[in-house]
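So the chains spell out like this:
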Amino acid sequence: MQQARFWVIGGEYTSTEFETLIRGTERLVGPFESKGEAERTWRYLSEDHRPQAQVRFTIAQEPMSAAAG
């Protein structure tokens, strides 16, 4: 049985509306086998960029493949 995988994604956005990433600032970190591992990385990246109001990271869960079910 395949486990879910997690990714930390984000970067610097053009505004605090967080709709458009600035090209070249994109970050994709992972995959992580557990949400806890992804949360630790998300926390580190978020704290590291705290002074930058237009930088945001989030955790995304990779969809389970249809073959896994």
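### Some words on the overall build of the protein chain
Argument step 1. Scanning the protein chain from terminus to terminus reveals one helix and three strands.
Argument step 2. The N-to-C order of helical and strand elements in the protein chain reads β-β-α-β.
Argument step 3. Across the 69 residues in the protein chain, those meeting the buried criterion constitute 22%.
Argument step 4. Partitioning the contacts of the protein chain with sequence separation of at least 6, the portion at a separation of at least 24 is 61%.
Argument step 5. Carbon and sulfur atoms form 49% of the exposed surface of the protein chain, whose accessible area is close to 5,100 Å².

### Comments concerning unusual backbone geometry
Argument step 1. For the bond from glycine 30 to proline 31, the omega torsion is 5 degrees, close enough to zero to count as cis.
Argument step 2. Along the polypeptide, proline 31 turns up in strand S2 (residues 27–32).
Argument step 3. Of note in this structure, phenylalanine 18 is not a glycine but carries a positive phi near 55 degrees.
Argument step 4. Secondary-structure assignment places phenylalanine 18 in the loop between strand S1 (6–12) and S2.

### Overview of the packing of aromatic side chains
Argument step 1. Scanning all chains against the criterion turns up one aromatic pair.
Argument step 2. Its guanidinium or amino end placed over the ring of phenylalanine 18, arginine 56 lies 3.6 Å from that ring's centre, counting from NZ or CZ.

### Looking at the sheet that holds strand S3 (residues 55–61)
Argument step 1. With respect to topology, three strands assemble into an open sheet ordered S2-S1-S3, the strand pairing being antiparallel. The open sheet is flanked by S2 and S3, the only strands paired with a single partner. Between one strand and the next, the sheet's axes are offset by a mean angle of 15 degrees, whatever the strand orientation.
Argument step 2. Note that S1 and S2 share four bridges and pair antiparallel. The residue bridging glycine 10 from the neighbouring strand is arginine 27, located in S2.
Argument step 3. Here helix H1 (residues 35–48) sits on the sheet in contact with S1, S2 and S3, set at roughly 175 degrees to S3.

Here is what the cut-offs are and how they apply
- Residues numbered from 1 in each chain as written.
- Predicted model: local features only at pLDDT ≥ 70, side-chain atom pairs only at ≥ 80, totals over all residues.
- Heavy atoms only, no water.
- Helix = DSSP H or I, 4+ residues; strand = E, 2+ residues; numbered from the N terminus.
- Buried < 20%, exposed > 50% of the residue type's maximum accessible area, 1.4 Å probe, protein only.
- Contact = heavy atoms within 4.5 Å.
- Areas by Shrake-Rupley, 256 points an atom, 1.4 Å probe, with all protein chains shown as cover.
- Phe/Tyr/Trp six-rings, centres within 6.5 Å; stacked < 30°, edge-to-face > 60°.
- Lys NZ or Arg CZ within 6 Å of the ring centre and 35° of its normal.
- Pairing = 2+ DSSP bridges.
- Axes fitted to C-alpha atoms, helices over the stretch in contact; angles between N-to-C directions.

By themselves, these figures tell us nothing about what the structure is for.
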